[in-house]
Amino acid sequence: MESKQRIYVAVFSLLATIVIGVFGLSALEGWDLFEALWCTVITMTTTGFGDRVPQTTGGKSFLMIILIVGISVVAYSVSSITEFLIESQIANVAGRRKIMRQIQQLENHIIICGGGRVGSNVAFILRKEQVPYVVVEADREIIDSLDKFGYMCMPGDATRDEALIEAGIMRAKGIVTALPGDAYNLYVTLTARALRPDIKIVARAERPENAEKLGRAGADRVISPEQIGGFKMAMGMLKPNTVDLITNLFSSTRYNLQMEEMSVSESSPLANKSIIDALNRDKYNVIVVSIIRGEVPILNPKGVEIIQPDDILIVVGSEHELRRVEDLFV
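The model shown is predicted, which means the values in this text are computed figures rather than measured ones.

## Examining the environment of Ala178
Item 1. Positionally, Ala178 belongs in the loop between β4 (174–177) and α7 (182–195).
Item 2. Overall, Ala178 belongs to the buried group, its relative accessible area being 4%.
Item 3. When near neighbours in sequence (up to four residues on either side) are disregarded, Ala178 contacts Cys113, Gly114, Val118, Gly119, Asn185 and Arg204.

Shown next as structure tokens:
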């Protein structure tokens, strides 16, 4: 029998024995319900103060039965509850150890500092895109809520070096600071940059005026959810169809369209070829909407534009077509 079922049986048996004892003694001895309850409880717990004892033969015989049954029920209840608590602790420790082993095996993953509203949404997108990640969170309630949905999460204070090292920052591809406070995100950015000068850092800014500070601290990108949310709401009023299209390109929940960012390596077959030759629409049904070359983006590039090594192409297409095109960037 499972531990939870044993708990239910134990509680039911305990309550049933008490109820039977109360009404039995009340009927046989003429006691009020509280006196009968008091005598039943001290009998089942073998306390036996002796301040209240049955006077009739029937009452004494009945109380002996309650005593024998009650001791067994109490012992069963205590053992069931103890077993349940111990099993829960063991399962929790074993689950944590399993997760920590999985984290130790991660490579080129993303570390998400903070599992609140922003951090959990980042984890949701990464999991959907099948990108390895781990959430570092100090709040036990948040960890438990993330565990229920199967998120990779470890307890720890992301502002401490030890937590980031345990999360695998030395093997990580990037880090997202999504803590609820610019000071915390600033501290994590400084810590992460000191531990891994080459790691990519995307930082959350609660207040837009702190974005520059986070950038100076070492963040590669600074995102202000409030600023972006306000801009999107305004555009939703002024240009609703445009906002719907852009949202779809990032979420891919309504149409089979996605926007991807792809880097061109020296060995890529796309290097030093024009867009029209490398990504012919008859063969690859994708659209190159921009080329990021150094600090200058080339918007809506012409078909004769030559793709150069180290270019970053912003490409729109179906998931299937984008997967095909990805092979050309290796």
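## A look at the sheet that holds strand β9 (residues 286–293)
Item 1. Pairing is antiparallel in the open sheet, where four strands are placed in the order β7-β12-β9-β10. Here the strands that pair on one side only, and so sit at the sheet edges, are β7 (258–263) and β10 (296–299). The sheet shows a mean angle of 20° between the axes of neighbouring strands, taken without regard to direction.
Item 2. In terms of strand pairing, β9 meets strand β12 (residues 312–317) through six bridges, oriented antiparallel. Paired with Val288 across the strands is Val315, a residue of β12.

## Some words on unusual backbone geometry
Item 1. Non-glycine residue Asn272 carries a positive phi angle of around 65°.
Item 2. Residue Asn272 is classed as exposed on the basis of its relative accessible area of 58%.
Item 3. Not every positive phi belongs to a glycine, and Asp310 is a case in point at roughly 75°.
Item 4. Assessed through its relative accessible area of 59%, Asp310 is described here as exposed.

## Considerations on a nonpolar patch on the surface
Item 1. A surface patch of nonpolar side chains, amounting to about 500 Å² of accessible area, comprises Phe34, Leu37, Trp38, Val41 and Phe49.
Item 2. Mapped onto the elements of the fold, Phe49 is located in the loop between α2 (33–44) and α3 (57–104).

## What about the packing of aromatic side chains?
Item 1. What the rule picks out here adds up to two aromatic pairs.
Item 2. Ring plane angle 10° and centroid distance 5.8 Å describe the contact between Trp38 and Phe49, whose orientation is recorded as stacked. Here Trp38, found in helix α2, pairs with Phe49, found in the loop between α2 and α3; they are 11 residues apart in sequence, far enough to count as distant.
Item 3. Residue Phe49 is classed as exposed on the basis of its relative accessible area of 55%.
Item 4. Ring centres of Tyr133 and Tyr151 lie 6.5 Å apart, and the angle between their planes is 65°; on these two criteria the pair is classed as edge-to-face. Residue Tyr133 is found in strand β2 (residues 133–137), and its partner Tyr151 is found in the loop between α5 (140–148) and β3 (153–155); the two are separated by 18 residues along the sequence. As far as the burial class goes, Tyr133 and Tyr151 line up, both buried.
Item 5. Taking the ring centre of Trp31 as reference, the NZ or CZ of Arg52 above it sits at 5.1 Å.
Item 6. For the cation-ring pair, Arg127 lies above Tyr151, with the distance from its terminal atom to the ring centre recorded as 4.2 Å.

Parameters at a glance
- Residues numbered from 1 in each chain as written.
- Predicted model: local features only at pLDDT ≥ 70, side-chain atom pairs only at ≥ 80, totals over all residues.
- Heavy atoms only, no water.
- Helix = DSSP H or I, 4+ residues; strand = E, 2+ residues; numbered from the N terminus.
- Buried < 20%, exposed > 50% of the residue type's maximum accessible area, 1.4 Å probe, protein only.
- Contact = heavy atoms within 4.5 Å.
- Pairing = 2+ DSSP bridges.
- Axes fitted to C-alpha atoms, helices over the stretch in contact; angles between N-to-C directions.
- Patch = residues over 30% accessible without salt bridge, like charges linked within 9 Å, V, L, I, M, F, W, Y side chains within 5 Å.
- Areas by Shrake-Rupley, 256 points an atom, 1.4 Å probe, with all protein chains shown as cover.
- Salt bridge = Lys/Arg side-chain N within 4 Å of Asp/Glu carboxyl O.
- Phe/Tyr/Trp six-rings, centres within 6.5 Å; stacked < 30°, edge-to-face > 60°.
- Lys NZ or Arg CZ within 6 Å of the ring centre and 35° of its normal.

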